Amino acid sequence: GTVTPGRRFRKRTVQELVTTDWPEVPGLITDPRGRLLVAATDPLLVHGGWRSGKTWLLLDIALSLVTGLPLFDHFQISETRRVVYIGAEGTVGSFADRLQQLLRIRGLTHDDLGDRLKLIIMSDQDAEAFLTIDDHRSVGLLIDDLRLDTPGVLMIDPLANFMHGEETNDGMKVVVQQV
């Protein structure tokens, strides 16, 4: 494909698209027929109103990713992944209760997770260690910490609790660029 000076978009011909051997995208979650639903390299944003179940959903996805069990007993996980989940809702105790409920529902114990699920609960952190994703320094500290034990998947829940002021795309860009 070519990029013409003064233009921002790469134009490709149909011939180029259908005759090029494109690298296979590593899958993360597929449907029962093996069709790609979520690629391992794709950022994924879960959006919903307050108390709509986003944290429950993300924790259930995390459990599937670290155990290899089908998501919702339906969608296949291509391979187990190490997950770091950063949460900023409630207390450590309330978060632990949710996780215990999900483990019980799935018929799992903490031993089934091995060391593949790491949790950072912000209510358990010192104020100066609280992640703010629209601050390069704060994200840099997180990245430095993650380099010691790099996850396959990073979950940040809820995004709005990690931003100064209003939620904007610029804040998420800081994280995506550095990760």
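Being a predicted model, the structure only gives us computed values, none of them experimental.

What counts, and where the lines are drawn
- Within each chain, residues carry numbers counting from 1 in the order of the written sequence.
- A pLDDT threshold of at least 70 governs which residues receive local features in this predicted model, and a stricter bar of 80 or more applies before side-chain atom pairs are shown or counted, although totals over entire chains, interfaces and linings include all residues.
- Values reported for side chains reflect all heavy atoms of the structure, with hydrogen atoms and water molecules removed beforehand.
- Values of pLDDT, ranging from 0 to 100, describe the predictor's confidence in every residue of the model.
- Secondary structure elements are taken from DSSP: a helix is a run of H or I of four residues or more, a strand is a run of E of two residues or more, and numbering for both begins at the N terminus.
- Each residue is assigned to one of three classes by its accessible area relative to the maximum for its type, calculated with a 1.4 Å probe on protein chains only: buried under 20%, partly exposed between the two thresholds, exposed over 50%.
- Whether two residues touch is decided by their heavy atoms; if any such pair falls within 4.5 Å, the residues are in contact.
- Polar contact is defined as a pair of N or O atoms within 3.5 Å, subject to the rule that within protein one atom must be able to donate a hydrogen and the other to accept it, and that residues adjacent in sequence are counted only when both atoms are side-chain atoms.
- Residue count minus one, scaled by 1.5 Å, sets the expected span of a helix.
- As used here, the arc is the angular range of directions from the helix axis to the C-beta atoms.
- In short, DSSP must find at least two bridges between two strands for them to pair.
- By convention a nonpolar core is built from buried Ala, Val, Leu, Ile, Met, Phe, Trp, Tyr and Cys residues, the set being connected through side-chain atoms within 4.5 Å.

Looking at this structure, how should I read the confidence of the model for the protein?
Interpreting fine coordinate detail is not advised for predicted regions of low pLDDT. Per-residue confidence for the protein averages 81 on the pLDDT scale, and 81% of its residues sit at or above 70. No element of the protein has a lower mean pLDDT than helix 5 (residues 169-178), at 57, and none a higher one than helix 2 (residues 54-67), at 93.

What should I look at first to understand the side chain of aspartate 60 in this one?
By the element assignment, aspartate 60 lies in helix 2. Classification of aspartate 60 as buried rests on a relative accessible area of 12%. Ignoring any residue separated from it by four or fewer positions in sequence, one finds aspartate 60 in contact with Leu71, Phe72, Leu102 and Arg106.

For this particular structure, what's the right way to read the environment of threonine 67?
Mapped onto the fold, threonine 67 is located in helix 2. Taking the C-alpha atoms as reference points, threonine 67 and glycine 114, 47 residues apart in sequence, are found 8.8 Å from one another. Residues contacting threonine 67, with those up to four places away along its chain left out, are Thr80, Leu108, Asp112, Leu113 and Arg116. Within the structure, the side chain of threonine 67 is placed 3.2 Å from the backbone nitrogen of leucine 69, a separation counted as a polar contact.

Sorry, what's going on with helix 3 (residues 92-106) here?
Each α-helix winds once per 3.6 residues, and so residues spaced three or four apart point in a common direction. When the terminal C-alpha atoms of helix 3 are compared, their 21 Å separation across 15 residues agrees well with the 21 Å that a helix rising 1.5 Å per residue should span. Inspection of helix 3 places Phe95, Leu99, Leu102, Leu103 and Arg106 among the buried residues, and these make up the whole buried set. The buried side chains of helix 3 occupy one side of the element, clustering within an arc of 100 degrees when seen end-on. More than 90 degrees from the buried face of helix 3, the exposed residues found are Gly93, Arg104 and Ile105. Where helix 3 is buried, its residues meet helix 2, strand 4 (83-87) and strand 5 (117-121). Remark: glycine 107 follows helix 3 within two positions and exhibits a positive phi of approximately 70 degrees.

Please clarify how the sheet that holds strand 1 (residues 27-30) should be interpreted in this entry.
Working definition: the strands of a sheet are paired by backbone hydrogen bonds and lie parallel or antiparallel to each other. Here three strands make up an open sheet; going across it, the order is 2-1-3 and the pairing antiparallel. Taken across any chain shown, the strands that pair with only one partner, and hence form the sheet edges, are strand 2 (36-39) and strand 3 (76-77). In this structure, strand 1 lies alongside strand 3, joined through two bridges in antiparallel fashion. By the bridge assignment, threonine 30 is partnered in strand 3 with glutamine 76.

What should I look at first to understand the nonpolar core in this one?
It is characteristic of soluble globular proteins that their nonpolar side chains tend to be buried jointly. Leu63, Leu65, Val83, Tyr85, Leu117 and Met155 are the most contacted members of the largest nonpolar core, which has 24 residues in total. Elements represented by at least two residues in this core include exactly strand 1, helix 2, strand 4, helix 3, strand 5 and strand 6 (153-157). Take this core: its biggest share by element is seven residues, from helix 2. Excluding residues that lie within four positions of it along the chain, valine 83 makes contacts with Ala62, Leu65, Val66, Arg116, Leu117, Lys118, Pro151, Val153 and Met155. Core analysis: the next-biggest nonpolar cluster, separate from the first, contains 12 residues, Ile86, Val139, Leu142 and Ile143 among them.

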